[in-house]
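Spelled out, the chains give:
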Amino acid sequence: FIYAHSWVKQRHALIRILRSEVHMSTEERGGSGPDPGAGVTIGATVPTGFEPTAAEEVGEKIGAEARIGKDRGRIYFRIGADKLPLVHRLRSVDNLFVVVAEYNNYQFKESKEETLLDLQKLASQLPWTIALEVWKMNNALKKKRGRRRGGNSSVLTPKGDVSKEGDTEADSPRPEDEEGRDEDGGGCAPAERDAADKPLKFRVTCNRAGDKHSFTSNDAARDFGGAVQEFFQWKADMTKFDIEVLLNIHNQELVVGIALTEESLHRRNITHFGPTTLRSTLAYGMLRLCRPQISDVIVDPMCGTGAIPVEGAIEWQQSFFIAGDNNDMAVNRTVNNTNHILKRRQEGGSSAPGLRMDTARWDLCRLPLRASSVDIIVTDMPFGKRMGSRKKNWDLYPSCLREMARVCRPATGKAVLLTQDKKCFAKALSRMGGLWRRSHTVWVNVGGLHAAVYVLKRTGWVYGAAAEDGAEGRGEGEEEELL
C-alpha cells in the first residue's frame with residue numbers, strides 16, 4: 001500500500017511537471033502556432049501496394065523523402081510546418097496524421113496488465129505540443145478552404161490532475177477504407193461549441209497488427225485513452241469528436257499520432273456511387289503507373305462511375321480522356337460526377353479549364369474507336385463477384401484484351417488493368433500471343449479482396465496478323481508467373 005501510494009504521488013508530480021512544460025512551450029511561441037520552418041513528421045495511409053507510388057508523389061510535389069512504414073498501407077515524411085497546405089494536395093493518400101512520437105522497437109510486456117499500465121504511463125510522457133499546434137494550424141487551413149469540419153480553438157493544455165474514468169475505447173481501427181481494415185466512422189464532423197473555453201471532445205483509435213500481443217485494440221484504446229483524458233481533461237466522445245488520437249501498433253512498432261483528416265480523401269470526386277465504385281486514390285495510383293504525357297488519349301472502356309477518367313482529367317489536364325460503359329446507369333453516374341466537379345468549380349469561382357473528357361455508351365468488345373488511336377487504357381475489370389460472374393469472365397477477358405489491342409497504338413501503347421480474377425486474366429493474356437507484354441504487377445487489397453494491377457505494354461505486332469491476333473501464345477511457365 002505504501003509503495004502504491006508513493007508511486008501515485010510520483011506520477012501526479014510528473015504529470016504536473018509535464019503539463020507545465022507543455023503550457024510554457026505554447027506560451028513561449030505566443031500561441032501563434034508552430035515555427036514555419038520547424039520540422040514535423042506526417043503520416044499518411046495509402047492504398048496497399050501503392051506505397052512506392054505515393055512516396056514518389058511526395059518527393060515530386062513536396063520535395064520530401066518519404067519512407068514506407070513497416071505496416072503496409074502507410075508512408076511517413078518530414079516537412080516544415082509551412083508546407084502543410086501542400087500535403088492536402090496529394091492525390092495518392094487516403095488519411096493524414098501528424099506524428100506525436102514513434103518507437104521502432106517498443107518493448108511490450110508479456111502480461112496484458114503490465115502492457116496496458118505502460119501505455120497509461122506513456123500518455124503523459126509524450127511530446128504533444130508541436131503535434132497539437134500542427135493540428136490547430138490544419139483546422140485553420142480547412143476553414144480557409146471553406147470547409148467547416150469542426151475543430152475547437154480552446155486551450156490545448158491540461159487544466160488539473162483530477163482522475164476520471166470514461167469510455168475512451170475505440171471499437172474499430174482508423175479506416176484504411178477498403179484496404180482490409182474496418183472503418184470506425186471517422187468522417188463525422190464535430191459540432192460547433194458555444195464557448196471557446198469548453199474542453200475538447202476526443203477519441204482514441206487503435207490500429208493493431210501482429211499476433212504476439214497480449215492485448216486487443218479495444219484494450220489499448222481504452223486504457224491509453226483514459227490516460228489522455230486524465231492528462232488533458234478532454235471529454236470522450238466516440239462520434240462527435242474534435243480531435244482523434246491514433247495509436248498505431250504493428251508488431252513491435254508503435255506510432256502515436258493526431259488525425260488531420262476526418263474522412264478519407266479518396267471520396268473527393270465521387271458523389272454518385274455505384275455498386276463497385278473505385279476509390280479516387282486507387283484510380284490515381286493506376287494512372288500514375290502509366291505516366292500520361294501531353295496529348296495522350298486515355299480510355300476507360302468500363303468506367304462505372306467514372307472514377308478513373310475524372311481523376312485523370314483533373315490531374316493530367318494536357319491529356320484527353322474517354323469514358324465508356326455498356327450500362328446506361330453507369331454512363332449516367334459518370335456524367336453526373338463530371339457535372340458535379342464542373343459545378344463545384346463554378347461556384348468556387350475557379351478559373352481552371354473544363355475537364356478534357358468525353359463519355360459514351362458502347363459495347364466494350366466493339367469499341368467505336370479507330371485502330372491504333374489510343375495511347376493508354378486504364379480500367380477496373382469486373383471481378384466476377386458483385387459485378388458479372390467468373391464464368392462470364394472466361395469469355396469477356398479475352399474479348400476485351402483483343403479489342404484493347406486493336407485500338408491501342410503498337411509499340412508505344414499501354415494498359416493498366418485491375419482485377420481480382422487473376423487466374424482468368426492470366427489465361428486470357430496467354431491467348432493474346434504477341435499483342436501484349438506484361439511489364440509488372442502491383443498487388444493490392446480492394447475491399448478485403450486480394451487483387452492485382454497488371455501493367456501491360458503493347459508490342460509492335462499488327463492486330464490480326466495471326467490466327468490468335470498475334471504470334472504464338474506464351475508457354476505455361478509465364479502463365480504461372482502471372483498467377
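Quick caveat, the model's predicted, so the values are computed rather than measured.

The rules behind the values
- Residues numbered from 1 in each chain as written.
- Predicted model: local features only at pLDDT ≥ 70, side-chain atom pairs only at ≥ 80, totals over all residues.
- Heavy atoms only, no water.
- pLDDT = per-residue confidence, 0-100.
- Contact = heavy atoms within 4.5 Å.
- Phe/Tyr/Trp six-rings, centres within 6.5 Å; stacked < 30°, edge-to-face > 60°.
- Helix = DSSP H or I, 4+ residues; strand = E, 2+ residues; numbered from the N terminus.
- Buried < 20%, exposed > 50% of the residue type's maximum accessible area, 1.4 Å probe, protein only.
- Polar contact = N/O pair within 3.5 Å; in protein donor to acceptor, adjacent residues only side chain to side chain.

Draft legend 1. View of the confidence of the model for the protein chain. Scored by pLDDT, the protein chain comes out at a mean of 80, with 76% of its residues at no less than 70. Every residue in residues 147–195 scores below 50 in pLDDT, and together they form 155 contacts with partners more than four places removed in sequence or on other chains. In the predicted structure, residues 470–483 sits below a pLDDT of 50 and forms 30 contacts with residues beyond four places in sequence or in another chain.

Draft legend 2. Seen up close, the packing of aromatic side chains. Under the defined criterion, the tally for this structure stands at eleven aromatic pairs. Seen in terms of ring centroids, Tyr76 and Phe97 are 6.0 Å apart; in terms of plane orientation they differ by 80 degrees. Their pairing is edge-to-face. One end of the pair, Tyr76, is in strand β3 (residues 74–80); the other, Phe97, is in strand β4 (residues 95–103), and 21 residues separate them in sequence. Since its relative accessible area comes to 3%, Tyr76 is described here as buried. Measuring from ring centre to ring centre gives 6.2 Å for Tyr397 and Phe425, while their planes differ by 75 degrees; the resulting arrangement is edge-to-face. One end of the pair, Tyr397, is in helix α10 (residues 390–407); the other, Phe425, is in helix α11 (residues 422–430), and 28 residues separate them in sequence. Assigned by exposure class, Tyr397 and Phe425 land together as buried. Here the aromatic residues Trp128, Phe202, Phe231, Phe232 and Trp234 are joined through ring pairs into a cluster of three or more.

Draft legend 3. Up close: the side chain of His213. With respect to the element layout, His213 can be found in the loop between β5 (201–209) and α6 (217–232). A polar side-chain atom of His213 sits 2.8 Å from the main-chain carbonyl oxygen of Asn251. Each residue touching His213, except ones within four places of it in the same chain, is listed here: Phe108, Arg208, Ile249 and Asn251.

Draft legend 4. Representation of unusual backbone geometry in the model. A positive phi angle is found at Arg291, which is not glycine, with a value near 45 degrees. Tracing the chain through its elements places Arg291 in the loop between α7 (280–289) and β9 (297–300). Although it is not a glycine, Ser295 adopts a positive phi angle of roughly 75 degrees. Here Ser295 lies in the loop between α7 and β9. A residue is classified by how much of its surface remains accessible, and Ser295, at 54% relative accessible area, is exposed.

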